[in-house]
Amino acid sequence: MTIEEMTPEELKKRTKQFGLRVFRLVEALPNTFAGRAIAGQLVRSGSSVGANYRAACRGRSKAEFRAKLGIVIEEADESAYWLELIIEGEFLPAERVQPLLAEADEICAIMVASRKNSE
């Protein structure tokens, strides 16, 4: 399935699953100052992806839809940043984090394409 073939309902499900995967990953982070700081930031940005996509779908205009997609893009990109820190800081094995990082990058790409197509 290509990006263009994904329905809003499929994207809602995908972004919700991303948030759930983030929750599971942060449970494995070490209970250190840095681990807790990253966990808090990642939980906020990762769960915001799906919440803001749902809000975008309820947008009252194309401009509002595009603005909300902009927030989704920012939050997915921020999530990727925290995931990169987890890998580079060796808080968890890279092979455990990499699939979620790839999903954050894919969600960013999907939302950028959706925003461009909505113009």
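Note that the structure is a prediction, hence the values are computed from the model and not measured.

As a further point, take helix H4 (residues 94-117). Here H4 is 24 residues long and its end C-alpha atoms lie 34 Å apart, about the 34 Å a rise of 1.5 Å per residue gives. Among the residues of H4, those classed as buried are Val 97, Leu 100, Leu 101, Glu 103, Ala 104, Ile 107, Cys 108, Ile 110 and Met 111. Among the structural elements, helix H1 (8-27), helix H2 (33-57) and helix H3 (62-88) are those in contact with the buried residues of H4.

What follows concerns the pattern of salt bridges. Taken as a whole and assessed by the stated rule, the structure comprises 4 salt bridges. A salt bridge links Glu 106 to Arg 14, with the nearest nitrogen and oxygen atoms 2.5 Å apart. A residue pair is termed long-range when its members are at least 10 positions apart, and Glu 106 in helix H4 and Arg 14 in helix H1 qualify at 92 residues. The network of salt bridges with common partners includes Arg 14, Glu 103 and Glu 106.

Following the sequence through the fold, Ser 45 ends up in helix H2. A polar side-chain atom of Ser 45 sits 2.9 Å from a polar atom in the side chain of Ser 79. Residues contacting Ser 45, with those up to four places away along its chain left out, are Glu 75, Glu 78, Ser 79 and Trp 82.

Moving on, we come to the packing of H1 against H2. Running from amino to carboxyl end, H1 crosses H2 at an angle of 170°, the nearest separation of the two axes being 9 Å. Between H1 and H2, the crossing angle belongs to the class labelled roughly antiparallel. Within the contact between the two elements, H1 uses Pro 8, Leu 11, Lys 12, Thr 15, Lys 16, Phe 18, Gly 19, Val 22, Phe 23, Leu 25 and Val 26 and H2 uses Ala 39, Leu 42, Val 43, Gly 46, Ser 47, Val 49, Gly 50, Tyr 53, Arg 54 and Cys 57. Considering only residue class, the contact of H1 with H2 consists of 13 nonpolar, 5 polar and 3 charged.

Among the surface-exposed residues, Glu 74, Asp 77, Glu 84, Glu 88 and Asp 105 lie close enough to one another that they form a single negatively charged patch. Looking at the negative patch, the element that brings in the most residues is H3, giving 4 residues. Mapped onto the secondary structure, Glu 88 falls in helix H3. Using a relative accessible area of 64% as the deciding quantity, one classes Glu 88 as exposed.

Phi at Glu 90 takes a positive value of approximately 55°, unusual for a residue other than glycine. Looking at the element boundaries, Glu 90 is found in the loop between H3 and H4. Accessibility expressed as a relative area gives 69% for Glu 90, which makes it exposed.

Before going further, it helps to examine H1. Between its first and last C-alpha atoms H1 spans 29 Å; for 20 residues at 1.5 Å apiece the expected length is 28 Å, and the two agree. Turning to H1, its buried residues number three or more, namely Leu 11, Arg 14, Thr 15, Phe 18, Gly 19, Val 22, Leu 25 and Val 26. The buried residues of H1 occupy an angular sector of 140° when the element is viewed end-on, so they sit on one face. Of the exposed residues in H1, the ones pointing more than 90 degrees away from its buried face are Glu 9, Lys 13 and Glu 27. Residues of H1 that are buried sit in contact with H2, H3 and H4.

The rules behind the values
Residues numbered from 1 in each chain as written. Predicted model: local features only at pLDDT ≥ 70, side-chain atom pairs only at ≥ 80, totals over all residues. Heavy atoms only, no water. Helix = DSSP H or I, 4+ residues; strand = E, 2+ residues; numbered from the N terminus. Expected span 1.5 Å × (residues − 1). Buried < 20%, exposed > 50% of the residue type's maximum accessible area, 1.4 Å probe, protein only. Contact = heavy atoms within 4.5 Å. Salt bridge = Lys/Arg side-chain N within 4 Å of Asp/Glu carboxyl O. Polar contact = N/O pair within 3.5 Å; in protein donor to acceptor, adjacent residues only side chain to side chain. Axes fitted to C-alpha atoms, helices over the stretch in contact; angles between N-to-C directions. Parallel < 35°, antiparallel > 145°, perpendicular 65-115°, else oblique. Nonpolar A, V, L, I, M, F, W, Y, C, P; charged D, E, K, R; others polar. Patch = residues over 30% accessible without salt bridge, like charges linked within 9 Å, V, L, I, M, F, W, Y side chains within 5 Å. Areas by Shrake-Rupley, 256 points an atom, 1.4 Å probe, with all protein chains shown as cover. Lys, Arg positive; Asp, Glu negative; His and termini not counted. Charge placed at Lys NZ, Arg CZ, Asp CG, Glu CD. Arc of directions from axis to C-beta.

Just distances and angles here, no functional claims.
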